[in-house]
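Listed here are the chains, written in short residue letters.
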Amino acid sequence: MKGWYYALKMAYNYMNKVISILGSTGSIGTQAIEVARMHNIKIHALAANRNYQMLAKQCKENNVKTVCIYDEKYYNELKVLLDGTGTKILTGMEGLCEIAADISGGLLLNSVVGMVGLLPTLTAIGSGKDIALANKETLVAGGNLVMKAAEEKNVRIYPVDSEHSAIFQCLQGNKRSQLKKIILTASGGPFFGKTEKELKNVTIEQALNHPNWSMGNKITIDSSTLMNKGLEFIEAKWLFDLKPEQIEIVVHKQSVMHSAVEFNDNSVIAQMGVPDMKIPIQYAILYPERMECSCRPLSLTDYGTLTFEKPDYKTFRCLSACIEAIGKGGAYPCIVNGANEEAVKHFLNGKIGFLDIGKLAESSVEYFSYREITSYEDVIEIDKAARDFVNSRVN
């Protein structure tokens, strides 16, 4: 029955394609709007954190009738810019969840940054809406809750991260039971190959200088510490129902092979393409269709050589902390995520050094006792405890 349900649902969704975007002014959100325009997809609702000027511009250009500005102090400024448009303006978490719950809003693209993304995801699932997920923290902090709810509601979660999208694509047409392991690729960030001594005095500007991808500040810092790969390791466990030992991380500096899967006959299938997020964004939005994309085609001869190396788990402690956290299970992934998020804030504010981010993430996993997560309230409580732990070590 589920197979027929998904087939009918996908056919209906494709013929009546509508999307709502949480995080519309960020890198993923702006590119998703470009994809929607290119393929004549109606945008039902948009939400942003505090960039009310861009949000108003997006609203007018795409004839969007519902918007949410998460930071309520910008409500009046947004209202002035949208005066006379008839647009409904929402604010805060309540606004994000109203958009997430609106069944007329079609597919929900959740590309907000941080823990704020979890409740809208759970709300959308509760309404039976399929989700294109670009918010790592949703599955890192609440993976068991989210995947259990999605299964109960017959909701599909389409990964937007390039690595998870690659795995999702490689699995199409193959038997899930024959999957042996997955290979998650990592660009290595700007500091791959550096020693702990060389990283001691890394500046904020250096950490924000990613060699391949254009992303927001928090995600870019996570890439430089390899925390992003640790979070993706945890996400992959939930998305593809894997054991930690079935996930291998490989540093691939060129970001051409976005990830791969290995089956029980030792065949390896990889998804490749230029490092352009429009590819996974479009695949998630248009699934199961493949349509023309505005990114440039891949020419392997332009690259000449593709390299693959092992990560340095000792120097990049965030990566080790994440793998330890998901291995221990329970609330530990939520703990390491909250600790990292708070530590990154302190780094960007100049209160701690670059290496302190990894040390704090690692310490958080060692400090707390085992605990299960059984509700959204548990996630919020544990996340706060992890942040309080970091703040107690910094202040």
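What you are looking at is a predicted structure, and each value in this text was computed from that prediction instead of being measured. (Residues numbered from 1 in each chain as written. Predicted model: local features only at pLDDT ≥ 70, side-chain atom pairs only at ≥ 80, totals over all residues. Heavy atoms only, no water.)

A.B. asks: Is there a simple way to explain the side chain of Asp-71 in this structure?
C.D. replies: Looking at where Asp-71 falls in the secondary structure, it is placed in the loop between strand 3 (66-69) and helix 4 (75-81). As a buried residue without a salt bridge, Asp-71 has its nearest oppositely charged side chain in Arg-50, at a separation of 4.0 Å. Among residues more than four places away in sequence, those in contact with Asp-71 are Asn-49 and Arg-50. (Helix = DSSP H or I, 4+ residues; strand = E, 2+ residues; numbered from the N terminus. Buried < 20%, exposed > 50% of the residue type's maximum accessible area, 1.4 Å probe, protein only. Lys, Arg positive; Asp, Glu negative; His and termini not counted. Salt bridge = Lys/Arg side-chain N within 4 Å of Asp/Glu carboxyl O. Contact = heavy atoms within 4.5 Å.)

A.B. asks: Even after reading the chapter, I still don't get the sheet that holds strand 2 (residues 42-48), so can you show me in this structure?
C.D. replies: In a beta sheet, neighbouring strands are held together by backbone hydrogen bonds and run either parallel or antiparallel to one another. Read from one edge of the open sheet, seven strands run 4-3-2-1-5-6-7, paired in parallel fashion. Each edge of the open sheet carries a strand with a single partner, namely strand 4 (88-91) and strand 7 (157-159). Pairwise comparison of adjacent strand axes, ignoring direction, gives a mean angle of 20° for this sheet. Note that strand 1 (residues 18-22) and strand 2 share five bridges and pair parallel. Looking at strand 2, one finds that Val-18 is bridged to Lys-42. Of the strands in this sheet, strand 5 (107-110), strand 6 (131-133) and strand 7 are in contact with helix 7 (residues 136-152), which crosses strand 7 at around 145°. (Pairing = 2+ DSSP bridges. Axes fitted to C-alpha atoms, helices over the stretch in contact; angles between N-to-C directions.)

A.B. asks: What exactly am I supposed to notice about the nonpolar core here?
C.D. replies: Here is a general trend for soluble globular proteins: nonpolar side chains tend to be buried in one another's company. Judged by nonpolar contacts, the single largest core of 118 residues is most densely connected at Val-67, Leu-78, Val-160, Ile-182 and Ile-285. Looking at this core element by element, the count peaks at eight residues for helix 16 (residues 332-348). Ile-182 has contacts with Ile-167, Ala-236, Leu-242, Gln-246, Ile-247, Glu-248, Ala-260 and Val-261, leaving out every residue within four places of it along the chain. (Core = buried A, V, L, I, M, F, W, Y, C linked by side-chain atoms within 4.5 Å.)

A.B. asks: Would you take a moment to explain the pattern of salt bridges for this structure?
C.D. replies: Two side chains that carry opposite charge are able to pair once their charged atoms sit near each other. All told, the structure shown has 23 salt bridges when counted by the stated rule. Of the charged contacts in the structure, one is a salt bridge between Lys-229 and Glu-232, with a shortest N-O distance of 2.5 Å. Here Glu-232 and Lys-229 lie together in helix 12 (residues 227-239), a separation of three residues that amounts to about one turn. When the shortest N-O distance is used, the salt bridge between Glu-309 and Lys-253 registers 3.7 Å. Of this pair, Glu-309 sits in the loop between helix 14 (300-303) and helix 15 (317-328) while Lys-253 sits in the loop between strand 9 (247-251) and strand 10 (257-263), placing them 56 residues apart in sequence. The exposure class of Lys-253 is partly exposed, given its relative accessible area of 39%. Taken together, the shared-partner salt bridges in this structure form one network comprising Lys-136, Asp-161, Glu-163, Lys-229 and Glu-232.

A.B. asks: I would appreciate a short explanation of the side chain of His-44 in the present structure.
C.D. replies: Mapped onto the elements, His-44 comes out in strand 2. For His-44, a relative accessible area of 18% gives the class buried. One polar contact links His-44 to Asp-102, side chain to side chain, over a distance of 2.8 Å. Excluding anything up to four places from it in sequence, His-44 contacts Val-18, Ile-19, Ser-20, Val-64, Lys-65, Thr-66, Asp-102, Ser-104 and Gly-105. (Polar contact = N/O pair within 3.5 Å; in protein donor to acceptor, adjacent residues only side chain to side chain.)

A.B. asks: In this structure, what is going on with helix 11 (residues 217-225)? I would like to understand it.
C.D. replies: The periodicity of an α-helix, 3.6 residues per turn, causes residues three or four places apart in sequence to face the same way. Among the nine residues in helix 11, seven count as buried, and that is most of the element. When helix 11 is considered as a whole, its buried residues turn out to be Lys-218, Thr-220, Ile-221, Asp-222, Ser-223, Ser-224 and Thr-225. Positive backbone phi, approximately 70°, marks Leu-226, located one or two places after helix 11.

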